[in-house]
Amino acid sequence: MSVDTRPLYLTTPIYYVNDRPHIGHAYSTIVADLLKRYAQLQGRLAFMLTGTDEHGQKIERRATEEQLSPQEFVDRMAPPFRDMCTVLHCQPGHFIRTTDARHIMHAKRLWQRLVERGDIYMGEYEGWYSVSEEMFYTEKELLEGNLSPVTKKPVEKVRESSYFFRLSNYTDTLLAFYEEHPDFVQPQGRFNEVKQFVREGLRDLSISRTTFRWGVPIPENPEHVMYVWLDALANYLSALDAPATSSEAQPAEASARMNCFWPPHAELKHIVGKDILRFHAVYWPAFLMSAAIPLPTQVWAHGWLTVNGEKMSKSSGNFIPPEPICEAVGTDVLRYYLMRDIALGQDGDFSHSALLARYHGDLGNGLGNLLNRIVSSIAMRHCEGKVPAIDLETNAQEDTDLVALAKRVARQSAQHLEDTAPQKALDAIWELVSATNRYVDQTAPWKLAKEGAAARLNQVVYHVLESLRWLSLMLWPFMPQKCDALRQQIGLQPLMPVELLSLWPSVWGGLRAGLPLQPGEALFPRFDETQERALLERFGVHTSPAAAHTSTQPTSKDPSAMTKTQQDAPKDAFIAFDDFCRVDLRLGRIESAEPVPKSDKLLRLMVQLQDDAPRQILAGLGQDYQPEQLVGRVVTVVTNLKPRKMMGLESQGMILAVRDNEGLSVLSPERTMAPGLKVS
Ligand code: MSP
């Protein structure tokens, strides 16, 4: 695996302050913070920037609506965005506001450099403008009725004198740059769209406005204010010349920060939403080329958080603020859920029920339970409450297997994070959570204690604690506070990354024997059904009692993902709890599997449910699984589905599976469980 050792400069978009922050904004900030923390764990110097975009027509109009001056308005609206960082456990090196005097100076300086290059000229702009996006559109790009293709809202016709940037001069230079930097935009599919847009030929860009006042005045002609996107993009430069707002290790002097964190000395990565990719991947590089400033390393365009497939936004009325969720279940749970359920480049439907399912499932039953069962239930009682001393050289086969798996997981998850694929990293890390739980099941330390097998018991406890230590490192970028709480329970200090020192786990056995264990509160205390219902009510989600426990994937039918109007839909859109109870879901073990002749999809499975003979179930898994991969798997079965014939064979039930873009996956419990158990 190759780890970049250069300093890392990570940016989020700066957020418009026309409204309060919601979890769509939180998403970019969390991604940047987690990548920063990961880099720090690898010993890299990392600087994260976020902030607010406070100029432009949209803000001016909102201020007028509120009967405030624009400055009063932005002074009132910016603090919740700053506070959001704290709520989200994000630690930016600087929080920039585009109304900061220093930023305005830098925006003007950038303008000046474009002028000196001969890339700015005066003209007249006549065309379409979307105030909500602060974006110009050509007639061709609009939807019928002169609607913006993104917001589907009417755009305005404008005609005014304007300065233009000679963007058209940069078509070839940009294409050549893209050619030389094949990873400049991620994901690749989005890069292709960008290239296509540029290949079609770029038109000069209007970069000043005269019909409103709220912006950076143009130095040579204050009648004009700078186009808000040129002003906003300059923030990435001006922020390096601002006093640091955090005490993290970083050069104190502004000039040193520019030298340290700007390419080519550093890796500069912009995290943006897919809707603002063009500004970052086309206009921004062109401005920088014109100003003879080195270009960013990468622009990473993530997808949108949606509610029932619609982009979450204040104007659609379907927005969800982060604070109530963080208060109710904890910030780290929100961070984990967003990173685990949604692949970074794709859109993902937000669902409170899916969040709670992750809480109880992966986090509570998986990680929390692992910690609890080994520290409180075993080590405190049978190992004198300390990390036991063991001989690391004499291992049983299951120990060796666990260590090998942990090492593979550490390598793979690091690679996924290098590739900005947090979801894949978590999938890999969870292999270790599950494997360690399985290891506890197999080695049965409670039995070892009963039998007085002290040496083996110590060995088992040590390996589980060491696995937890590894997990506390790998999961720290995602859940910093929970990981520190976990570390405390296994006798360790909170994590403090150190420059030039990689703390990413690679050597098994780092946990020092004798450390006093400190069992504490459950990391993810269980909510009973009533508490959970109360929580969902608090989130404004009206759900049937069982819904939250059973749903693990956000779906467009998930009641929690519904907008207010949809929640008010006729009641028969939901099933009653009793209806749900009529479905008999049980675990079943697949005893044998074979293809059904003449079908390319159907497999004939013999599934053991309880003590009776296995029953025959036909499942359409043949394109995603080889029959032998399924034998021995414990899966979830709908047992009381009316039998039906397929390809001449009777199927006596249904296997539950879920599909994403990588294919089908059958639903199995996280740890070894007996066939016949009821799923509820
Ligand atoms: N001010 C500009 C960015 C200037 S950067 C130099 C802007 N602001 S915004 O507040 O409208 O959006 C900021 C970011 O939040 C964008 O990346 C946008 O994609 C993201 N999101 C806003 N709603 C979102 C979701 N529902 N889901 C995910 N991200 C979303 O554009």
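What you see as residue numbers is a count from 1 along each chain, following the sequence as written. Confidence filtering applies because this is a predicted model: local features only for residues at pLDDT of at least 70, side-chain atom pairs given and counted only at 80 or more, and all residues used for totals across whole chains, interfaces and linings. No hydrogens and no water enter the side-chain calculation; it runs on all heavy atoms of the structure.

### Brief notes about the environment of Met-77
Under the scheme used here, helices are H or I runs from DSSP no shorter than 4 residues and strands are E runs no shorter than 2 residues, and both carry numbers assigned from the N terminus. Within the secondary structure, Met-77 is located in helix H3 (residues 70-87). Along the sequence, Met-77 and Asn-18 sit 59 residues apart, while their C-alpha atoms lie 7.2 Å from each other. For Met-77, the residues in contact, after removing those within four places along its chain, are Val-17, Asn-18, Asp-19 and Arg-20. Contact criterion: two residues are considered in contact whenever any of their non-hydrogen atoms come within 4.5 Å of each other.

### Structural notes on the site of the ligand
The local shell around the ligand holds 23 residues, among which Ile-14, Asp-53, Gly-273, Asp-275 and Leu-305 are the closest. Each polar contact in these results corresponds to two N or O atoms within 3.5 Å; when the atoms are within protein, one needs to be able to donate a hydrogen and the other to accept it, and residues that are neighboring in sequence are counted only if both atoms are side-chain atoms. Take Tyr-16: an N or O atom from its main chain is 3.1 Å from an oxygen atom of the ligand. At 3.2 Å, a backbone N or O of Gly-24 approaches a nitrogen atom of the ligand. Residue burial considers only the protein chains on display, and all accessible areas are found by Shrake-Rupley using a 1.4 Å probe. Its free accessible area being 660 Å², the ligand has 95% of it covered by the protein chains. Only strand S1 (8-16), helix H1 (23-41), helix H7 (228-233), helix H8 (235-238) and strand S12 (267-273) provide two or more residues apiece to the shell around the ligand. Under the scheme applied, nonpolar residues are Ala, Val, Leu, Ile, Met, Phe, Trp, Tyr, Cys and Pro; charged residues are Asp, Glu, Lys and Arg; polar residues are all the others, including Gly. Here the shell around the ligand is composed, by residue class, of twelve nonpolar, eight polar and three charged. Being near a molecule or strand, for a residue, means having at least one of its heavy atoms within 4 Å of it.

### Quick notes on the sheet that holds strand S14 (residues 305-307)
Pairing between two strands is assigned when DSSP locates at least 2 bridges connecting them. Read across the sheet, three strands follow the order S15-S14-S16 without closing on themselves; strand pairing throughout is mixed. Either end of the sheet is taken by a strand with one partner, and the two such strands are strand S15 (310-311) and strand S16 (348-349). Two strands pair when backbone bridges link them, and S14 and S15 are joined in this way by two bridges, in the antiparallel orientation. Looking across to S15, one finds that Val-307 is bridged to Glu-310.

### Points about the packing of helix H13 (residues 352-382) against helix H17 (residues 454-474)
Packing of H13 against H17 leaves a shortest axis separation of 11 Å and a crossing angle of 145 degrees. Two packed elements cross with a definite hand, and for H13 against H17 that hand is left-handed. Where H13 approaches H17, its residues Leu-367, Leu-370, Leu-371, Ile-374, Val-375, Ile-378, Ala-379 and His-382 are matched on the opposing element by Leu-457, Val-461, Val-464, Leu-465, Leu-468 and Leu-471. When its residues are assigned to classes, the contact of H13 with H17 shows 13 nonpolar, one polar and no charged. In this analysis, axes come from line fits to C-alpha atoms, helices being fitted only over the stretch in contact, and the angle between any two N-to-C directions falls in the range 0 to 180 degrees. Crossings are assigned a handedness: left-handed for a near helix turned anticlockwise from the far helix by less than a right angle, right-handed for a clockwise turn.

### Thoughts on the packing of aromatic side chains
What counts as a ring pair is set by centres within 6.5 Å for rings of Phe, Tyr and Trp (its six-membered ring), and what kind of pair is set by the plane angle: stacked under 30 degrees, edge-to-face over 60, tilted for all other angles. Within the structure shown, the criterion is met by 27 aromatic pairs. Taken together, a centroid distance of 5.6 Å and an interplanar angle of 55 degrees make the contact between Tyr-9 and Phe-47 tilted. In this pair, Tyr-9 is assigned in strand S1 and Phe-47 in strand S2 (residues 46-53), connecting sequence segments 38 residues apart. Accessibility classification places Tyr-9 together with Phe-47 in one group, the buried group. When the centroid spacing of 5.0 Å and the interplanar angle of 45 degrees are considered together, the rings of Tyr-336 and Trp-430 count as tilted. Separated by 94 residues along the polypeptide, Tyr-336 in helix H12 (residues 331-341) and Trp-430 in helix H15 (residues 422-443) bring together distant segments of the chain. Each member of the pair, Tyr-336 as well as Trp-430, carries the same accessibility label: buried. Throughout, exposure labels follow a simple rule: accessible area from a 1.4 Å probe, protein chains only, divided by the maximum for the residue type, with under 20% read as buried, over 50% as exposed, and the rest as partly exposed.

### Here we look at the pairing of strand S19 (residues 615-619)
Both faces of the sheet carry side chains from a regular strand, because those side chains alternate between them. Burial runs high along S19: four of the five residues are buried. With five bridges connecting them, strand S18 (residues 603-608) and S19 associate as antiparallel partners. If you follow Met-606 over to S19, its bridge partner there is Gln-616.

### Comments concerning the side chain of Asn-235
In this structure, Asn-235 sits in helix H8. On the accessibility criterion, Asn-235 (0% relative accessible area) is buried. Look past the residues within four positions of Asn-235 in its chain and what remains in contact with it is Ile-14, Leu-49, Ile-96 and His-103.

### Quick word on the environment of Ala-301
Secondary-structure assignment places Ala-301 in strand S13 (residues 298-302). Among residues more than four places away in sequence, those in contact with Ala-301 are Gln-186, Pro-187, Arg-190, Val-272, Lys-274, Leu-277 and Gly-345.

### Side note on the packing of helix H11 (residues 322-329) against H12
Two elements in contact, H11 and H12, have axes separated by 6 Å at closest approach and are oriented at 115 degrees. In terms of axis orientation, H11 runs roughly perpendicular to H12. The residues of H12 that touch H11, namely those facing Pro-322, Ile-325, Cys-326 and Val-329, are Thr-331, Val-333 and Leu-334. Its residues placed into classes, the contact of H11 with H12 shows six nonpolar, one polar and no charged. The cut-offs work like this: below 35 degrees is roughly parallel, past 145 is roughly antiparallel, 65 to 115 is roughly perpendicular, and the gaps in between are oblique.

### Comments concerning the sheet that holds S12
Overall, parallel pairing links the six strands, which are arranged S3-S2-S1-S12-S13-S7 in an open sheet. The two strands at the open ends of the sheet, each matched to only one other strand, are strand S3 (94-97) and strand S7 (185-186). Bridging between S7 and S13 involves two bridges; their strand directions are parallel. Bridge pairing in S13 links Val-185 to Val-299.

### Some thoughts on the pattern of salt bridges
Any Lys or Arg side-chain nitrogen located within 4 Å of an Asp or Glu carboxyl oxygen qualifies as a salt bridge. By the definition in use, this model includes 31 salt bridges. The residue Asp-347 makes a salt bridge to Lys-274 at a minimum N-O spacing of 2.9 Å. Residue Asp-347 is found in the loop between H12 and S16, and its partner Lys-274 is found in the loop between S12 and helix H10 (277-290); the two are separated by 73 residues along the sequence. Take Asp-347: its relative accessible area is 38%, and that puts it in the partly exposed class. Counted as one network, the salt bridges with shared partners bring together Arg-340, Asp-341, Arg-358, Asp-362 and Asp-427.

### Describing H1
To estimate the expected span of a helix, count its residues, drop one, and scale the result by 1.5 Å. Taking 1.5 Å of rise per residue, 19 residues should cover 27 Å, and H1 covers 26 Å from first to last C-alpha, within 8% of that figure. H1 sits mainly inside the fold: 19 of its 19 residues count as buried. Where H1 ends, the next residue or the one after it, Gly-43, has phi of about 85 degrees, a positive value.

### Notes on unusual backbone geometry
Across residues other than glycine, the phi torsion is negative in most instances, and most of the peptide bonds are trans. Look at the link from Gln-186 to Pro-187: it is a cis peptide, with omega at -10 degrees. Along the chain, the position of Pro-187 falls in the loop between S7 and helix H6 (188-199). Put simply, Pro-263 and Pro-264 share a cis peptide bond, and its omega is 10 degrees. Unlike most non-glycine residues, Glu-384 shows phi in positive territory, near 60 degrees. Tracing the backbone through its elements, the reader meets Glu-384 in the loop between H13 and helix H14 (397-418). Judged by its relative accessible area of 68%, Glu-384 is exposed. Phi is positive for Leu-500, which is not a glycine, with a value near 75 degrees. With respect to the secondary-structure elements, Leu-500 resides in the loop between helix H18 (480-489) and helix H19 (529-538).

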